[in-house]
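# Survey of secondary and tertiary structure
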Amino acid sequence: MTNQKLKLLKEKSIQRMIFFERTNDFLRKFFFPYKLYRYLNIENHYNVSFVFPTVLFVESTNSCNIKCIFCPRRKSRKKIGFMEFNLFKKIINECVNYDKLFELFLHKDGEPLLAPNLTKMIKYAKEKEISKKVAIATNGILLNEKKSLQILKSGLDELVISLDAVTPENFEKLKGVPASNFEIIEKNVKRFIELRNEQGLTGPMVKLKIIYMKETKKEINDFIKKWKPIADSVPVRAYITWAQSVKDRNINPVKVSKKIHPCLAPFNNLAINWDGEVSVCCVDWNKELIVGDTKKETIYNIWHGKKLKELRIRHLNGDLKGLQCKVCDFRMSLPRMNLLVRKKLMRKTLAI
């Protein structure tokens, strides 16, 4: 079996297990093998690091061309903008000095294909070899042949297309744009894969995503059946409310746990907004948890800074009062830290 086939098999297995864990009440209560492994190896599995973040979300733009009913973006007080290429270079150039990132995502709260410098950014990041994987998530409307060829030349490792529907009618309801865009996206995706295969390329890996929620529950099986023979992976993602910022459309509404447990995000990733300001994680859509500014500071200093240290301590102590983290369903979907890991992370946090 080739490395590419093994990679795809692993990807599909992980997606399937994440889906079951986040959507099945019965399985969520028990430690089946994968969850037990993560519980015992939480630091390694989630790439916890006190030297430098292992995952970066770099927002190429927060502008968007659709109006998803499950996205809080339009409520944000953030100004609409595009990351300057010189700022992007500064970010990437610093990463060269540390171990390779596990993942670099060139998106956060917007549609990355709207960013004029996107392919230039991908190329630069790939040339510097600062991450094991460079990825973007797009709604696919702008993924025409010209843009597809540019992306294929850029060296992108992973392309996630958020289609989230099987029928044009449901697509229009969920995405807030005319149903005619549904066929455009399907055509774009199929053509992108054709172009990649015609050129004999093994990447980028193409994922067709759908969110598991009330409006899509009856379409999940049809979606997988339709796209499994075409795309490399068909992830079914759990619905999140973005810290209760949008209506809960879960099949089983999220219950906020009275028992606070730490989130792993402050221990492995940062999200850099298009203007350079740094959020503690990608769920911070309204810049509620800003811990630094890459225009004025280095990522290293932000990672070792007072604000992030205090946030880590609050998480480890279960003191989330006044923070959006307290009601964040993404945090609640992650595995709980056992007491030994908590104490170990606290010792390392206090040592910085």
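Nothing here was measured: the structure is a model prediction, and the numbers come from that model.

Calculation notes
Counting restarts for each chain: residues are numbered from 1 in the order of the written sequence. Restriction of local features to residues with pLDDT of at least 70 applies here, the model being predicted, together with a cutoff of 80 or more for giving and counting side-chain atom pairs; totals for whole chains, interfaces and linings are based on all residues. The basis for every side-chain value is the complete set of heavy atoms in the structure, and neither hydrogens nor water enter the calculation. Exposure categories follow from relative accessible area, calculated using a 1.4 Å probe and restricted to protein chains: below 20% of the type maximum is buried, above 50% is exposed, and the middle band is partly exposed. In this description a helix means any DSSP run of H or I spanning at least four residues, a strand means any run of E spanning at least two, and both kinds are numbered starting from the N terminus. One bridge is not enough; two strands pair if DSSP finds at least two bridges between them. By convention, a crossover is right-handed whenever its connection, traced from the first strand over the helix to the second and viewed with the strands pointing away, goes clockwise. In what follows, residue pairs with any heavy atoms lying within 4.5 Å of each other are defined as contacts. When a carboxyl oxygen of Asp or Glu lies within 4 Å of a side-chain nitrogen of Lys or Arg, that pair is called a salt bridge.

## Focus: the pairing of strand 1 (residues 55-58)
The two faces of strand 1 match: V55 and F57 on one face and L56 and V58 on the other face are all buried. In this structure, strand 1 lies alongside strand 2 (residues 103-105), joined through three bridges in parallel fashion. Bridge pairing in strand 2 links V55 to E103. For the crossover from strand 1 across helix 5 (residues 85-95) to strand 2, the handedness is right-handed. Here strand 1 pairs with strand 7 (residues 269-272) via four bridges, running parallel. Residue pairing across strands places F57 opposite A271, the latter belonging to strand 7.

## Quick look at the side chain of S148
Topologically, S148 is positioned in helix 7 (residues 145-154). Given a relative accessible area of 1%, S148 falls into the buried group. Excluding residues that lie within four positions of it along the chain, S148 makes contacts with L143, F192 and L195.

## Comments concerning the pattern of salt bridges
In total, this model carries 19 salt bridges according to the counting rule given. In this structure, E158 engages K207 in a salt bridge whose closest nitrogen and oxygen atoms are separated by 3.2 Å. Taken together, the residues span a long stretch of sequence, with E158 in strand 4 (residues 158-162) and K207 in strand 5 (residues 205-212) at a distance of 49 residues. Overlapping salt bridges bring together E59, K78, K108 and D109 as one network.

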